[in-house]
Amino acid sequence: QVQLVESGGGLVQAGDSLRLSCVASGGTFSTYSMGWFRQAPGTEREFVAAISRTGDSTYFGNSVKGRFAISRDNAKNTVYLQMNGLKPEDTAVYYCATKKVWGSYYTPATYDYWGQGTQVTVSS
């Protein structure tokens, strides 16, 4: 059983930056690739970013490429999402999740454990 807790969300203005954190417990963090997804009301859950177990490989959704970065610190059981140049369309609840061993990085169906999410709101 893995527990994930996101933090760092809040209300910011367009163009601002924010860093989200996700702390894992109850499992061996370094054995999991990790992903970030987001979901706004009335929308499907959208892939944001993912990182391999060692951090050697990263993946990004098209809407955030060039603006967001993902990193991890396995010693701290933590994955981060650095969000720069925030836009109102980035407003959503952001979730971190552990990835299953198999399958695509890009779909929530290939992730198993999920956090409760942290709200990010970007005003115009």
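Computed from a predicted model, the values in this text were never measured in an experiment.

**Q** Go over the pairing of strand E9 (residues 92-99) with me, naming the residues and quoting the values.
**A** Within E9, 8 of the 8 residues are buried, which leaves it mostly tucked inside the rest of the structure. The pairing of strand E4 (residues 34-39) with E9 spans 6 bridges and is antiparallel. Within E9, the residue paired with Trp36 across the bridge is Cys96. In terms of strand pairing, E9 meets strand E11 (residues 118-123) through 3 bridges, oriented antiparallel. In the strand pairing of E11, Val93 is matched with Gln119. With 2 bridges connecting them, E9 and strand E10 (residues 111-114) associate as antiparallel partners.

**Q** Which residues make up the side chain of Ser52, and what values do they have?
**A** The topology assignment puts Ser52 in the loop between strand E5 (46-51) and strand E6 (58-60). A relative accessible area of 10% places Ser52 in the buried class.

**Q** Help me get a handle on unusual backbone geometry, residues and values and all.
**A** Positive phi is not limited to glycine here, since Asn77 has a value of about 55 degrees. Looking at the secondary structure, you find Asn77 in the loop between strand E7 (68-73) and strand E8 (78-83). Residue Asn77 is classed as partly exposed on the basis of its relative accessible area of 26%.

Parameters at a glance
- Residues numbered from 1 in each chain as written.
- Predicted model: local features only at pLDDT ≥ 70, side-chain atom pairs only at ≥ 80, totals over all residues.
- Heavy atoms only, no water.
- Buried < 20%, exposed > 50% of the residue type's maximum accessible area, 1.4 Å probe, protein only.
- Helix = DSSP H or I, 4+ residues; strand = E, 2+ residues; numbered from the N terminus.
- Pairing = 2+ DSSP bridges.

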